[in-house]
Amino acid sequence: MTPSASKAAFADVVAGVDSDALEREILSFWDTENIFAESLAQTEQGPLYIFYDGPPYATGKPHYGHILQSAIKDTVLRYKTMRGYHVPRRVGWDCHGLPVETLVEKELGITSKQEIERLGIAEFNAHCRAVVFRYIKEFTTTLQRIGRWADYDNAYATLNQDYMESEWWVFKQLWDKGLVYKAFRSTPYCIRCATPLSNFEVSSNYQETQDTAIYVLLKVVGRENLYLAVWTTTPWTLPGNVAVAINPDLSYVVVEHEDKNIIVAQERVSEVFDKKGLNQALLSLQELTTLSYEPLYNFLPAAGAYRVVESEHVTSDDGTGLVHIAPAFGEEDFVVAKNNSLPTLRTVDPHGNFIPEVTLWAGKNIFAVNQEIIVELEQRGLLLRQESFRHSYPFCWRCDQPLIYYALDTWFIRVEELKERMLKINEKIDWTPKHVQHGRFGKGIVAAPDWAVSRNRYWSVPLPIWECDACSRRVCLGSVAELQELSGQHDIPDLHRPLVDTFTWPCGAALGADGTTPEICEGTMRRTPEVLDVWFDSGAMPYAQWHYPFERKEFVEQGYPADFIAESIEMTRAWFYVLHVLATALTQEDIGLGVDQPAFKHAIASGLIFAEDGKKLSKKLKNYPEIEPTLERYGADTLRFYLLASTSLGEPYRFSEKDLKQVQRAFYMTLWNVYSFFVRYANTHAWRSSKRRRASTHLLDQWIRARLAQFEREVTQHLEEYTIDQAARAFLGYSDDLSNWYVRRSRSRFQKPVSRAAADEAFATLYEVLTRTAVVLAPFMPFVSEAIYRNLAGQKPAQGKKTSVHLAAWPKAAASKNREKTVLEDMRHVREIVSQGLALRAQAGIKVRQPLAELAVSGKSLGEELTEMIRDEVNVKAVSYQSVVPQEGWLVAASREEEQIGLDTRLTPALRHEGYAREIIRYGQVLRKEANYALNDRIIVKAETTDQDLQAVLAAYGSDIREALQAETIEVIGDNYDVERVIKIDSKTVTLAVRRAS
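Cut-offs used in this document
Residues numbered from 1 in each chain as written. Predicted model: local features only at pLDDT ≥ 70, side-chain atom pairs only at ≥ 80, totals over all residues. Heavy atoms only, no water. Helix = DSSP H or I, 4+ residues; strand = E, 2+ residues; numbered from the N terminus. Rg over C-alpha atoms; globule rule 2.2 N^0.38 Å. Buried < 20%, exposed > 50% of the residue type's maximum accessible area, 1.4 Å probe, protein only. Contact = heavy atoms within 4.5 Å. Axes fitted to C-alpha atoms, helices over the stretch in contact; angles between N-to-C directions. Parallel < 35°, antiparallel > 145°, perpendicular 65-115°, else oblique. Nonpolar A, V, L, I, M, F, W, Y, C, P; charged D, E, K, R; others polar. 1 Å grid on protein atoms, 1.4 Å probe; cavity = no way out; pocket = protein on both sides within 12 Å on 5 of 7 lines; lining within 4 Å. Points joined across faces, edges and corners; volume = space filled by probe spheres on them. pLDDT = per-residue confidence, 0-100. Polar contact = N/O pair within 3.5 Å; in protein donor to acceptor, adjacent residues only side chain to side chain. Pairing = 2+ DSSP bridges. Expected span 1.5 Å × (residues − 1). Phe/Tyr/Trp six-rings, centres within 6.5 Å; stacked < 30°, edge-to-face > 60°. Lys NZ or Arg CZ within 6 Å of the ring centre and 35° of its normal. Patch = residues over 30% accessible without salt bridge, like charges linked within 9 Å, V, L, I, M, F, W, Y side chains within 5 Å. Areas by Shrake-Rupley, 256 points an atom, 1.4 Å probe, with all protein chains shown as cover. Salt bridge = Lys/Arg side-chain N within 4 Å of Asp/Glu carboxyl O. Lys, Arg positive; Asp, Glu negative; His and termini not counted. Charge placed at Lys NZ, Arg CZ, Asp CG, Glu CD. Disulfide = S-S within 2.5 Å. Left-handed = near helix turned anticlockwise from the far one by under 90°.

A.B. asks: Got a minute to help me understand the overall build of the protein in this structure?
C.D. replies: When its secondary structure is counted, the protein shows 31 helices and 36 strands. Relative to the globule expectation of 30 Å for 998 residues, the C-alpha radius of gyration of the protein, 38 Å, shows a markedly less compact shape. Considering the protein as a whole, with its 998 residues, one finds that 56% of them fall into the buried category. The contacts of the protein with a sequence gap of at least 6 include a subset with a gap of at least 24, amounting to 78%.

A.B. asks: Looking at this structure, I do not really get the packing of helix α24 (residues 699-720) against helix α25 (residues 724-751). What am I missing?
C.D. replies: Relative orientation and spacing of two packed helices are given, respectively, by the angle between their axes and the distance between those axes. Orientation of α24 relative to α25, taken along the N-to-C sense of each, is 170°, at an axis distance of 9 Å. Viewed along their axes, α24 and α25 adopt a mutual orientation that is roughly antiparallel. For the contact of α24 with α25, the residue count by class is 15 nonpolar, four polar and six charged.

A.B. asks: I would appreciate a short explanation of empty space enclosed by the protein in the present structure.
C.D. replies: Leftover empty space is mapped by rolling, across the atoms, a probe with the size of a water molecule. Enumeration according to the criterion identifies three cavities of 30 Å³ or more in this entry. By volume, the largest cavity amounts to about 110 Å³. For the largest cavity, the full set of lining residues is Ile50, Phe51, Tyr52, Pro88, Arg89, Arg90, Pro542, Gln545, Trp546, Phe555, Val556 and Gly559. Of the residues assigned to the lining of the largest cavity, the class counts are eight nonpolar, two polar and two charged. If you add up the space inside the second largest cavity, you get close to 90 Å³. Among the secondary structure elements, those contributing two or more residues to the lining of the second largest cavity are α4 (98-108) and β24 (531-532). Broken down by class, the residue content of the lining of the second largest cavity amounts to seven nonpolar, two polar and five charged.

A.B. asks: Sorry, what's going on with the confidence of the model for the protein here?
C.D. replies: In low-pLDDT segments, the atomic positions of the prediction should not be examined closely. Confidence in the prediction for the protein averages 92 pLDDT; 97% of positions are at 70 or higher. Low pLDDT, under 50, characterises residues 1-6; the stretch is placed with 14 contacts to residues that sit more than four places away or in other chains.

A.B. asks: Sorry if this is basic, but what is going on with the environment of Gln210 here?
C.D. replies: Position of Gln210 among the secondary structure elements: in strand β5 (residues 206-219). Separated by 70 residues in sequence, Gln210 and Gln280 place their C-alpha atoms 33 Å apart. Within the structure, Gln210 has its side chain in polar contact with the side chain of Ser388 (distance 2.5 Å). Only 3.2 Å separates the side chain of Gln210 from the side chain of Arg390, close enough to count as a polar contact.

A.B. asks: Quick question: what am I supposed to make of the sheet that holds strand β23 (residues 524-527) here?
C.D. replies: Strand pairing within a sheet occurs via backbone hydrogen bonds; the two strands may be parallel or antiparallel. Spatially, β19-β18-β23-β20 is the arrangement adopted by the four strands of the open sheet, whose pairing is antiparallel. The outermost strands of the open sheet, each flanked by one partner alone, are β19 (474-476) and β20 (505-506). Pairing between β20 and β23: two bridges, direction antiparallel. Its bridge partner lying in β23, Pro506 is registered against Thr524. Contacts from helix α8 (residues 161-176) reach β18 (465-468) and β19, with the element oriented near 130° to β19.

A.B. asks: How should I be thinking about the side chain of Glu201 in this particular structure?
C.D. replies: Counting through the fold element by element, Glu201 comes out in helix α9 (residues 199-203). Separated by 2.9 Å, the side chain of Glu201 and the backbone nitrogen of Ser198 make a polar contact. Other than its neighbours up to four places away in sequence, Glu201 contacts Trp397, Arg455, Asp533 and Trp535.

A.B. asks: Help me understand the side chain of Lys177 in this model?
C.D. replies: Assignment of secondary structure puts Lys177 in the loop between α8 and β3 (180-190). Discounting chain neighbours no more than four positions away, the residues touching Lys177 are Ala585, Leu586, Gln588 and Glu589.

A.B. asks: Looking at this model, I keep getting lost on helix α31 (residues 948-965). Mind explaining?
C.D. replies: Given 3.6 residues per turn, any residue in an α-helix points the same way as the ones three and four places further on. In this model α31 runs just 22 Å from its N-terminal to its C-terminal C-alpha over 18 residues, more than 12% under the 26 Å that 1.5 Å per residue would give. For α31, the set of buried residues is Leu950, Val953, Leu954, Tyr957, Gly958, Ile961 and Leu965. Against the buried residues of α31 lie α30 (909-930), β33 (939-944), β34 (967-971), β35 (979-985) and β36 (988-996). Taking the backbone nitrogen of Asp949 as reference, a side-chain oxygen 3.0 Å away marks Asp947 as the first, capping residue of α31. Gln966 lies just past α31 and shows a positive phi near 50°.

A.B. asks: What is the right way to look at the environment of Val534 in this model?
C.D. replies: Position of Val534 relative to the elements: it lies in helix α17 (residues 534-539). Accessibility expressed as a relative area gives 6% for Val534, which makes it buried. Not counting chain neighbours up to four residues away, the residues in contact with Val534 comprise Tyr57, Asp94, His96, Gly97, Trp397 and Ser460.

A.B. asks: Would you mind showing me how to read the packing of aromatic side chains here?
C.D. replies: One pair of aromatic rings is described through two measures. These are the centre distance and the angle between the planes. On inspection of all chains with the given rule, the structure shows 57 aromatic pairs. Geometrically, the ring pair formed by Phe171 and Phe536 is edge-to-face, given 5.9 Å between the ring centres and 65° between the ring planes. Remark: Phe536 occurs in helix α17 and Phe171 occurs in helix α8; sequence separation between them is 365 residues. Among the residues examined, Phe536 registers a relative accessible area of 0% and is labelled buried. Taking 4.8 Å as the distance between ring centres and 80° as the angle between the ring planes, the aromatic pair formed by Phe711 and Phe731 counts as edge-to-face. Of the two residues, Phe711 is situated in helix α24 and Phe731 in helix α25; the sequence distance between them amounts to 20 residues. Summarising the burial analysis for this pair, Phe711 and Phe731 share the class buried. Every member of this aromatic cluster is reached through a ring pair, and the members are Phe10, Phe677, Phe678, Tyr681, Trp687, Phe750, Phe763 and Tyr767. The positively charged end of Arg380 is found above the aromatic ring belonging to Tyr297, 5.3 Å away from the centroid.

A.B. asks: Hey, could you run me through a negative patch on the surface in this one?
C.D. replies: A cluster of acidic residues, Glu267, Glu271, Asp274, Asp317 and Asp318, forms a negative patch at the surface. With respect to the helices and strands, Glu267 occurs in the loop between β9 (260-265) and α10 (269-273). Classification of Glu267 by relative accessible area gives exposed; the value is 54%.

A.B. asks: Even after reading the chapter, I still don't get the pattern of salt bridges, so can you show me in this structure?
C.D. replies: Once the charged atoms of two side chains with opposite charge are near each other, the side chains can pair. Within this structure, the stated rule accounts for 64 salt bridges. One salt bridge connects Glu387 with Arg385, and the closest N-O pair in it is separated by 3.1 Å. Take Arg385: its relative accessible area is 24%, and that puts it in the partly exposed class. Overlapping salt bridges, with partners in common, bring together Asp20, Glu23, Arg24 and Arg145 in one network.

A.B. asks: I keep staring at the sheet that holds strand β25 (residues 562-568) and nothing clicks. Help me out?
C.D. replies: Strand order across the open sheet formed by three strands is β15-β26-β25, with parallel pairing between neighbours. Each of the sheet's edge strands pairs with one partner strand only, and the pair in question is β15 (430-432) and β25. Geometrically, the sheet is characterised by an average inter-axis angle of 15° between neighbouring strands, direction not taken into account. Two elements, β25 and strand β26 (residues 600-606), share six bridges in a ladder whose sense is parallel. Following the sheet pairing, Ala562 is matched in β26 by Phe600.

A.B. asks: Got a minute to help me understand the state of the cysteines in this structure?
C.D. replies: Note on terminology: a disulfide is the covalent bond linking the sulfur atoms of two cysteines. For the structure on display, the rule yields zero disulfides. Here Cys396 is not cross-linked by a disulfide; its sulfur's nearest cysteine counterpart is in Cys399, at 3.6 Å. Cys507 takes part in no disulfide bond, and the closest cysteine sulfur, belonging to Cys468, lies 3.6 Å away.

A.B. asks: Please clarify how helix α3 (residues 64-82) should be interpreted in this entry.
C.D. replies: With 19 residues, α3 extends 27 Å between its outermost C-alpha atoms, agreeing within 8% with the 27 Å of an ideal straight helix rising 1.5 Å per residue. Counting buried positions along α3 gives 17 out of 19 residues, so the element sits mostly inside the fold. Remark: Gly84 follows α3 within two positions and exhibits a positive phi of approximately 100°.

A.B. asks: What am I meant to see in the packing of α25 against helix α28 (residues 818-844) here?
C.D. replies: Contact geometry of α25 with α28 gives a least axis separation of 14 Å together with a crossing angle of 65°. Classed by the angle they form, the pair α25 and α28 counts as roughly perpendicular. Relative to α28, the crossing made by α25 is left-handed. Along its contact with α25, which presents Asp736, Asp737 and Trp741, the element α28 presents Met827, Val830, Arg831 and Val834.

Shown next as structure tokens:
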């Protein structure tokens, strides 16, 4: 077929693509044409699809975890938009809490709360406000660079007064339901930050540490030479000891050891004393629980203390089976003390230093004096033994200092009261991966204690509770208007500390009873000094981002619960969890949000990202590449796709630049090369797209259309099920089928079509396949899909319609037809036979270019077209369908269809010669490429050899060689060639050279 001389239909495409330049050009196009806004306008009348974006901190640059989450979110939201849903996408920023305070403390050289208060809360919080958005430009730029569409200009911030007022409203709902209380108890506590933490903050940062465990002797009162043995990994808690706990289900014995009688659990004797055969005398439970002992220290008065009590939390897994109880420094210890009316000795101040009454170590840090305490006990003869002990210990999630349990007044939310409903409502959530629902998330709910929601800090949402300084009456506010009314202050520009602490008013509570005239309290209502846990900020986000219920009430309620959220799996104990707590509390009865509603319907919990060696990504270790150079080198599309496809959702990721490069080569470039191939030959033959085309009758065209439809259904199903990792991986097999089977087998149909009708069938098929593939690829790789779609489908845009793949409708997943199933099954069968045939060739060590005589298949005939594919792929002269009988010169294998596949590996001289001709053609094509000839350049070939076999090949197959290489003639001598090489075929030598024909 002769190419038309008319203008090219498509913009030329280079074989190698600069993905960074392409993506920046697409970003410019989206910005100039306002494509994101256009997609929202186009779907404005569609069903509402609500997405909640977990607010990150903008106090540092984004890392690969942010890229992964953004890729997940953007993929789902682009898909839903293409399905016709209206998908608002508002981002937000976390602004409060320890992350910001810790950053400011480092910058100001502050190491304690006392220094903050000397500086002044107003100045400290001013610094906090100033650093919050320091990296917002860099953060936003990176998110935009990877193609994440969102409303960045209308972002919410948790420090905004409207946001904070909604938080107050949420807290007031909990207060009114009786879910908020204040209690003195031992809670997780950071001595550097001087504030309690919630249980889920504690669980987020456990580290393996090496500590010294000690066995301490406590002298029993009134019994000669009898001691209780206790074990602890925190010697600093011993001055706060008030009791020893035993488990009534364990057996206890008195052991004679080094002139002392020592009480331990019978199961622990060999471990404690590291020997057997010691004299033991069993003690009864009644005798044990009547024992009291001499206190280790008498720093503080402790009436009713220093006795043996019972507790089921004691085990024989480690230690002595007797547990030292210090209620001020242990959650279980505090419960034991409460149940047994024991005192709480708080021997440590809020900053982790011993109080003045602890005279031996007054003012010293608790962790710094552990060894001093051990030495002191040894000097008194009360140290039985010590040992090195490795265990998992909680550290502060922000300052990375070891935590303690510390008894203090803390405000709590009654999670225990909500648990049954939380578990019930969890059944309404669709989790990806599925095991999260009853695993990590469900078990987290079961194990969760009440939420310690207050913090003794400065830069956060102030707790909206005012308390009378005289009668202790408490009032919880739920709006700025209430504060204005009660305080008489109408100008309230900021709800942060310290301004909010200045708002007071007379109590005026009615006091008195018994029918007497009540007195009016003359005290003053003052705000309790604590602030809210920063996780309360993010948990209130569904309501506070829209200033609910003060504004956008109908919009919020219409879209509640959210259709979709996504974060890393660690958020099952953090953001996902607090969203669920507040949603459960707020939907106890219908206030517009429904009854028993979760905060979200679908959630994706992805795994954490680690370095290739399995270590946590660390800038200090430099064990991962910086994001900006990675984007320049590989492009956002490749990075997004790699993160989506490389690991199953919920499993840990191992970031490997080598694997990233493999994705670029094996998938991105494979697709680009198919696209480049199509454009090159479509332009060469001046092919034009037309809507009026008949479906091709060519078997390969029918197969690739069937394969495309199957692929579209597969991706759609996975996206509907939120298994986007599996959706992404579906592209890999499909792209290989498209490139390495369809295009490779159809190459001659595009390069040298036998007729215009044949060309039209091939080009129309590949055009349709590429444009439809671009549509399905768009949510995953938004840039390259846009480039392909704009070039192919953008030649004749509809009137007033912008051409963008992201404005295209998602393909309707039609049911598979019988003919489609047959075509797919037949082609799968053919490829299985080919695979086995090629495996036999490899077993025999025979190159694929070397023709062989016959391939035999024991099954029934597949018909002429399919048989011709097998013959061509395996490179045999004939394919027969017959019983395969092993014989000399044949290799036999079995296929998955339980067929026998036989290959005749015997080579005749004629077959060898044909193989040599194919080698000459292959090397000639290499020379054409090295010489950088155009597709339609005619050339002269020199083939100079003294080998008689190769001379015979050139004589017999000269016309075939000339046609394949687009050569005018084949010369045996000559000079002035563009490229010349000496090549070997088996042991034979031939000099090949090429030059353009004049």
